[in-house]
Amino acid sequence: SENPPPCLQVCFYYAKAGQLKASKEENTKVTSGIVNALIPMGFMVDYAPGDKGSFFRVVVNREMERGTIDGLIKAIEEVGKGL
């Protein structure tokens, strides 16, 4: 685009083994637990309420490097394994 947006908000749920938890409350607990672990690691992530519990909200921009995104995904997977 000649006029790309300055940033995009990417929203998603963490689904261990491809399955969301059965209840909204459980999904919210997992999401907030992962977010609380990621912030001290230096990742600025947030979450918001959704139909199936809270989901992740991550802002990305054109300047973000692939390694940063890969690192975030890896960190989410590592922290999520322990929940």
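Owing to the predicted nature of the structure, the values given are computational and were not obtained by experimental measurement. (Residues numbered from 1 in each chain as written. Predicted model: local features only at pLDDT ≥ 70, side-chain atom pairs only at ≥ 80, totals over all residues. Heavy atoms only, no water.)

(A) How the structure looks around the pattern of salt bridges. Per the counting criterion, the structure on display carries 3 salt bridges. A salt bridge links Asp46 to Arg57, with the shortest nitrogen-to-oxygen separation between them at 2.6 Å. Taken together, the residues Asp46 in strand 2 (residues 46–48) and Arg57 in strand 3 (residues 55–60) connect sequence positions 11 residues apart. Arg57 sits in the partly exposed class, given a relative accessible area of 29%. Ionic pairing is found between Lys81 and Glu78, a salt bridge with its closest N-O pair at 3.4 Å. One end of the pair, Lys81, and the other, Glu78, are both in helix 2 (residues 66–81), 3 residues apart, so they sit about a helical turn from each other. A relative accessible area of 56% means that Lys81 is categorised as exposed. (Salt bridge = Lys/Arg side-chain N within 4 Å of Asp/Glu carboxyl O. Helix = DSSP H or I, 4+ residues; strand = E, 2+ residues; numbered from the N terminus. Buried < 20%, exposed > 50% of the residue type's maximum accessible area, 1.4 Å probe, protein only.)

(B) Molecular detail of helix 1 (residues 24–38). Counted at 1.5 Å a residue, the expected span for helix 1 with its 15 residues is 21 Å, and the 21 Å between its end C-alpha atoms agrees. Those residues of helix 1 lying buried are Asn27, Val30, Thr31, Ser32, Ile34, Val35 and Leu38. Turning to helix 1, the residues buried within the fold contact strand 2, strand 3 and helix 2. (Expected span 1.5 Å × (residues − 1). Contact = heavy atoms within 4.5 Å.)

(C) Molecular detail of the nonpolar core. Within the largest apolar cluster, 14 residues are counted, with the highest numbers of intra-cluster contacts made by Tyr14, Ile34, Leu38, Phe43, Val45, Leu72 and Ile76. Listed by contribution, the elements that provide at least two residues to this core are helix 1, strand 3 and helix 2. Residues within four places of Ile34 in sequence aside, it is in contact with Tyr14, Phe56, Ile76, Val79, Gly80 and Leu83. (Core = buried A, V, L, I, M, F, W, Y, C linked by side-chain atoms within 4.5 Å.)

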